[in-house]
Amino acid sequence: MEDQKKNNLNSDKKINELEKSIVLHRKLYYSGNPQITDEAYDSLEEQLRAIAPNHPLFEQVGSEEVLKESSFSKVPHEPKMLSLNKVYTLEEYLNWLPKEAKEGVVTPKVDGFAVKLAYQKQGSVYVLETGATRGNGSVGEDVTENIKQVHDIPHEIEASALSEAPESFQVRGECYMKKSRFAVLSKEEDSVESCRNVAPGSIRNKDPRVTKQRGLNFFAYNILGLNTETMTDNFHLLASIGFVPVEHQTIHLQDKPEEIFKQWDTRRTEEVDDYYIDGIVFMVNDLSLFNALGTTAHHPRGAIAWKFKSEETETTLREVQWSVSRTGLINPVGIYDKVFIEGANLTNATLHNISQVKELGLGIGDRIVVARQGGVIPKIIRVKESKGSPIVPPSTCPACSWETTVKNEAGIETLHCMNSNCPAVTKAKLLHFIRMMEIEDIADSMISKLFDAGLILEPADIYKVTVDDIESFFKSGKKIAEKLINNINAARKRSLHQLLNALGIPTLGQKLSEDLANHFKNLDALLNTAEEELVAIEGIAQETAQKIIVGLQDRKTIIDNLLNEIEIVSLIQDTNRKDGPLQEKTFLITGTLSKPRKEIEAFIKEHGGSIKSSVSKNLDYLICGSDPGSKVQKAEKLGVPVITEEELVEMFD
Ligand code: IVH
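Residues numbered from 1 in each chain as written. Predicted model: local features only at pLDDT ≥ 70, side-chain atom pairs only at ≥ 80, totals over all residues. Heavy atoms only, no water.

Focus: the overall build of the chain
Piece 1. Helix and strand counts for the chain come out as 26 helices and 25 strands.
Piece 2. In terms of C-alpha radius of gyration, the chain reaches 27 Å, essentially the compact-globule figure of 26 Å for 653 residues.
Piece 3. For the C-alpha atoms alone, the extent of the chain along its principal axes is close to 80 × 70 × 50 Å.
Piece 4. Expressed as a percentage of the 653 residues in the chain, the buried residues total 50%.
Piece 5. Across the chain, contacts joining residues at least 24 apart in sequence account for 69% of those joining residues at least 6 apart.
Piece 6. Accessible surface for the chain amounts to roughly 31,100 Å². Of this, 49% is attributable to carbon and sulfur atoms.
Piece 7. With 77 positive and 97 negative side-chain charges, the chain shows a separation of 3 Å between the mean positions of the two kinds. (Helix = DSSP H or I, 4+ residues; strand = E, 2+ residues; numbered from the N terminus. Rg over C-alpha atoms; globule rule 2.2 N^0.38 Å. Buried < 20%, exposed > 50% of the residue type's maximum accessible area, 1.4 Å probe, protein only. Contact = heavy atoms within 4.5 Å. Areas by Shrake-Rupley, 256 points an atom, 1.4 Å probe, with all protein chains shown as cover. Lys, Arg positive; Asp, Glu negative; His and termini not counted. Charge placed at Lys NZ, Arg CZ, Asp CG, Glu CD.)

So this is what it looks like as structure tokens:
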């Protein structure tokens, strides 16, 4: 009897703990700040399900907490915005598969943020009236102004595009950030940590200009309020009225679903697509059957998400290094014994902040489980066996010994060095400058060494480095040293927007630098501008304007010194330019061409084309020079045309 009581108490305690963790992690996830992987989260739910299968948390969609604390006005959802039930194995899939279901549609489960778009008829057009988050499924947040900043979301749709004329209709889908966009953004904004988490934070933002600057895209996966018979009809309809439907294949649900799953898993690990997915969605195609199957409080029965399980490996945590970024934020990085997962050797993973270290309960010497999040980014998932003592954030900056500051924002603790002369901050700023000014082949370690030796202290000094310096410091041989100096010299002519972006002024990233360069045309005009003039430019808020002005003032000497070394040239600054024979075509270069890559890329842009950062099926042409990389095989596999430099030139005939 006593034992029974004890057991009950223990299980109540466990339920309570799990409930707390689940509520917290839902809140963090839906506010765009997840601290654990999807699988770690799912495992919390599984543990709770095992002891309390009817817990009310399983009925909830989204996060009540986020909605409660939200200051956006509320929008009801009719019908409800449900979630998806998920499976991890073929057996679980077959358990789900409704007997009557034959034809299905499979789509990638895009790792983004669900939104609803409501269109209302106004004369001859349908107008985007409301854009809303999912919230708790019944009520979401009104984020219309932010939604309007997302690419691929039409603000108006011609009524004539539809074959019927309802008063209103809804489109639902996923806002997400392209990997290629994230690659650019993460260099500009230290606050964006992961491609997959950036969408919610960008949509649930108080300032639509921030949403715009982030550059999100949208995949549509459903349309409601029109007379269609199948999911496939819906996708075609969505495409015909100007949306980008999520990729869809019509399949037989009973017919080798595991092969379809594997194909997508391969596609994910080979990074074929420019977006992250965390599984695939199987849906009954016939809408009358889909509707007849009905829903639970949480999900429709006619659809299932088959989620990828990432390969997990055990290793030992050896050290946590505290790495200082150019904003002074100090990030913990876990260093562990080398492991090989999903095609890559891994030795470290960022832990992002103090809260994550605490949450995982990490200690040096612990056996830990490591995976590649989304099949790509290394991540410490959990502690398998605790051996070491807990990790304590350093009380002084590892680079300059200034006392560190702990900040706590929305329950997330971060560590900072507030010393504006911290050598690590200065080094990180120099590295940012080198990247943004596209000085090629200069290793981070080289800059670090030259900085430590006192040869490079500010950007202008980079241009004063000599062949002798490099030869003597790096024992590199004359040829290599000369090549590096050539690269540095090649970066003496850069456009205004590149320079602005390279200065590392908070909020002044690529897009804003381009806007400013287009507006002011020359640096003097920008340096002499007033806050009011900046605010008058579309997309610049007061706070941003202030940061730009202060940032430029603070860097006055750095800029003056730089202008003794570099020349600001006008390249193609009008990034919206779309005319020319390469109009709207996308290109990527692999191998060596007859001219420097940057020159060819500038040439392409000048004639209306744009440059992609990776091979995907959305790429129009891969330009192949001598000694090409693996991109060629990838392009061939995806059916992307591989052309030579001559063939590029022939496009102008
Ligand atoms: S179908 C009842 N298709 O995943 C919802 N959802 O975890 C039917 N998602 O709420 C949605 N990609 O936000 C569908 N290709 C896709 C999706 C997708 C991502 C999201 C959606 C849903 C969540 C469930």
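As for the site of the ligand
Piece 1. The environment of the ligand is formed by 14 residues, the closest being Thr107, Pro108, Val110, Arg134 and Glu174.
Piece 2. The backbone of proline 108 places a nitrogen or oxygen atom 2.8 Å from a nitrogen atom of the ligand.
Piece 3. Within the complex, 87% of the 520 Å² of free accessible area of the ligand lies under protein.
Piece 4. Here the shell around the ligand is composed, by residue class, of nine nonpolar, two polar and three charged. (Near = heavy atom within 4 Å. Polar contact = N/O pair within 3.5 Å; in protein donor to acceptor, adjacent residues only side chain to side chain. Nonpolar A, V, L, I, M, F, W, Y, C, P; charged D, E, K, R; others polar.)

Points about the sheet that holds strand E4 (residues 113-122)
Piece 1. Strand order across the open sheet formed by five strands is E7-E5-E4-E8-E9, with antiparallel pairing between neighbours. Of all the strands in the sheet, just strand E7 (156-158) and strand E9 (217-224) have a single pairing partner and so form its edges. For this sheet the average axis-to-axis angle between neighbouring strands, irrespective of direction, equals 30 degrees.
Piece 2. Inspection of the sheet shows E4 paired to strand E8 (residues 168-176) by eight bridges, in the antiparallel sense. The partner of glutamine 120 across the bridge, within E8, is serine 168.
Piece 3. Running over the sheet, helix H9 (residues 231-240) touches E8 and E9 and is turned about 125 degrees from E9. (Pairing = 2+ DSSP bridges. Axes fitted to C-alpha atoms, helices over the stretch in contact; angles between N-to-C directions.)

Considering the sheet that holds strand E10 (residues 249-252)
Piece 1. The strand order across the open sheet built from five strands is E2-E12-E11-E3-E10, with neighbouring strands paired in mixed fashion. Looking along the sheet, the strands with just one partner apiece sit at the ends: strand E2 (86-87) and E10.
Piece 2. Pairing of strand E3 (residues 103-110) with strand E11 (residues 277-284), which is carried by seven bridges, proceeds in the antiparallel orientation. When the bridges of E11 are listed, valine 110 appears paired with isoleucine 277.
Piece 3. Packing against the sheet, H9 makes contact with E3, E10 and E11, and its axis sits at approximately 50 degrees to E3.
Piece 4. Strand contacts of helix H10 (residues 257-269): E3, E10, E11 and strand E12 (303-307), with the helix running at about 150 degrees to E11, the strand carrying the most contacts.

Some thoughts on the side chain of histidine 432
Piece 1. Summarising the element assignment, histidine 432 is placed in helix H13 (residues 423-436).
Piece 2. Residues within four places of histidine 432 in sequence aside, it is in contact with Lys187, Arg326, Asn501, Ala502 and Gly504.

Brief notes about helix H22 (residues 542-554)
Piece 1. Compared with an ideal rise of 1.5 Å per residue, which puts 13 residues at 18 Å, H22 spans 18 Å between its outermost C-alpha atoms and is within 8% of the ideal.
Piece 2. Buried within H22 we find Thr544, Ala545, Ile548, Ile549, Gly551 and Leu552. For H22, the angular spread of buried residues about the axis comes to 165 degrees, placing them on one side. Residues of H22 that are exposed and angled more than 90 degrees away from the buried face: Glu543, Gln553 and Asp554. (Expected span 1.5 Å × (residues − 1). Arc of directions from axis to C-beta.)

Quick look at the packing of helix H14 (residues 444-452) against helix H16 (residues 467-474)
Piece 1. Between H14 and H16, the least distance of the axes is 11 Å, while the angle of their chain directions is 100 degrees. Our classification of the angle between H14 and H16 gives roughly perpendicular. Packed against H14, whose contacting residues are Met446, Lys449 and Leu450, the element H16 presents Ile470, Phe473 and Phe474 at the interface. (Parallel < 35°, antiparallel > 145°, perpendicular 65-115°, else oblique.)

Considerations on a negative patch on the surface
Piece 1. On the surface, a cluster of negative charge is contributed by Glu103, Glu229, Asp233 and Asp286.
Piece 2. Of note, glutamate 229 is situated in the loop between E9 and H9. (Patch = residues over 30% accessible without salt bridge, like charges linked within 9 Å, V, L, I, M, F, W, Y side chains within 5 Å. Salt bridge = Lys/Arg side-chain N within 4 Å of Asp/Glu carboxyl O.)

Examining the pattern of salt bridges
Piece 1. For the coordinates displayed, the defined rule picks out 26 salt bridges.
Piece 2. Here arginine 49 ties to glutamate 45 by a salt bridge, and the two come within 3.7 Å at their closest N and O atoms. Note that arginine 49 and glutamate 45 are positioned in helix H2 (residues 38-51) at a spacing of four residues, about one turn of the helix.
Piece 3. On the basis of relative accessibility, which here comes to 34%, the residue arginine 49 falls in the partly exposed class.

Considerations on unusual backbone geometry
Piece 1. Of note, the amide linkage connecting glutamate 78 to proline 79 takes the cis form, showing an omega dihedral of -5 degrees.
Piece 2. Structurally, the position occupied by proline 79 is in the loop between strand E1 (74-76) and E2.
Piece 3. If you check the backbone angles, aspartate 152 has positive phi at about 70 degrees while not being a glycine.
Piece 4. Judged by relative accessible area, aspartate 152 falls into the partly exposed class, the value being 29%.

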